[in-house]
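Spelled out, the chains give:
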Amino acid sequence: MAKHSYKNETITVFFDPDVCIHAGACVKGLPTVFDLDKKPWINVDGAPTERIIEQIKQCPSGALSYKLSSET
Ligand code: SF4
């Protein structure tokens, strides 16, 4: 399956469901952004960009990644 992407004007978050090991670090660590009960389940407006990046770096599988709009 292709990677999914979720974006606002500052950041794009990518999620690869084939890589996710469902460890749950993201939903436990930052539930205002990563919430499996919501659609879409990633809300990039749910926390400051720096906090989202910090959480993405803790994803153990590498399923989550990001790109800043300023890097394009
Ligand atoms: S932290 Fe990464 S591996 Fe764990 S559930 Fe979230 S996306 Fe999947």
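Structural notes, computed from the coordinates. Computed from a predicted model, the values in this text were never measured in an experiment.

### Digging into the site of the ligand
Here comes step 1: The local shell around the ligand holds 13 residues, among which Cys-20, Gly-24, Cys-26, Cys-59 and Ser-61 are the closest.
Here comes step 2: A majority-of-atoms criterion places the ligand in the largest pocket.
Here comes step 3: Residues of the shell around the ligand, tallied by class, amount to 10 nonpolar, 3 polar and no charged.

### What about the environment of Trp-41?
Here comes step 1: Structurally, the position occupied by Trp-41 is in the loop between helix H1 (25-29) and helix H2 (49-56).
Here comes step 2: Beyond its immediate stretch of four places on either side in the chain, Trp-41 contacts Tyr-6, Phe-15, Cys-26, Val-27, Val-33, Phe-34, Asp-35 and Leu-36.

### Some words on the layout of surface pockets
Here comes step 1: Each pocket or cavity is described by its volume, and for the largest pocket that value is around 210 Å³.
Here comes step 2: Taken together, 16 residues line the largest pocket, and the ones lying closest to its centre are Cys-20, His-22, Ala-23, Gly-24 and Cys-26.
Here comes step 3: The element best represented in the lining of the largest pocket is H1, accounting for 3 residues.
Here comes step 4: Residue classes in the lining of the largest pocket are distributed as 13 nonpolar, 3 polar and no charged.

### Considering the sheet that holds strand E2 (residues 11-15)
Here comes step 1: Within the open sheet, the 3 strands sit side by side as E1-E2-E3. Their pairing is antiparallel. Looking along the sheet, the strands with just one partner apiece sit at the ends: strand E1 (4-7) and strand E3 (64-68). On average, each strand axis in the sheet is inclined to that of its neighbour by 20°, with strand direction left out of account.
Here comes step 2: Across the sheet, H2 lies against E2 and E3, angled at about 145° from E3, the strand it touches most.

What counts, and where the lines are drawn
For every chain, the first residue of the written sequence is number 1, and numbering continues from 1 along that sequence. Local features in this predicted model are restricted to residues of pLDDT 70 or higher, and side-chain atom pairs are both shown and tallied only at a pLDDT of 80 or more, whereas totals for entire chains, interfaces and linings draw on every residue. Remark: hydrogens and water are excluded; side-chain values derive from all non-hydrogen atoms of the structure. For each residue, the test is whether any non-hydrogen atom lies within 4 Å of the molecule or strand; if one does, the residue is near. For each structure, a 1 Å grid was placed over the protein atoms alone; sets of points admitting a 1.4 Å probe that cannot get out are labelled cavities, open sets with protein on both sides within 12 Å along at least five of seven lines are labelled pockets, and lining residues have an atom within 4 Å of a point. A pocket or cavity is taken to hold a molecule when more than half of that molecule's atoms are within 2 Å of the pocket's grid points. Residues are grouped as follows: Ala, Val, Leu, Ile, Met, Phe, Trp, Tyr, Cys and Pro are nonpolar; Asp, Glu, Lys and Arg are charged; all remaining types, including Gly, are polar. For the purposes of this entry, the term helix denotes a DSSP run of H or I that reaches at least four residues, the term strand denotes a run of E that reaches at least two, and both are numbered from the N terminus. Working rule for contacts: check all heavy atoms of both residues, and any pair within 4.5 Å makes them a contact. Grid points are joined across faces, edges and corners, and a volume is the space filled by probe spheres set on the points. Strand pairing is assigned whenever DSSP detects at least two bridges linking the two strands. Axis lines are fitted to C-alpha atoms, over the contacting stretch for helices. Their N-to-C directions set the angle, which ranges from 0 to 180 degrees.

Any link to function would need more than the numbers given here.
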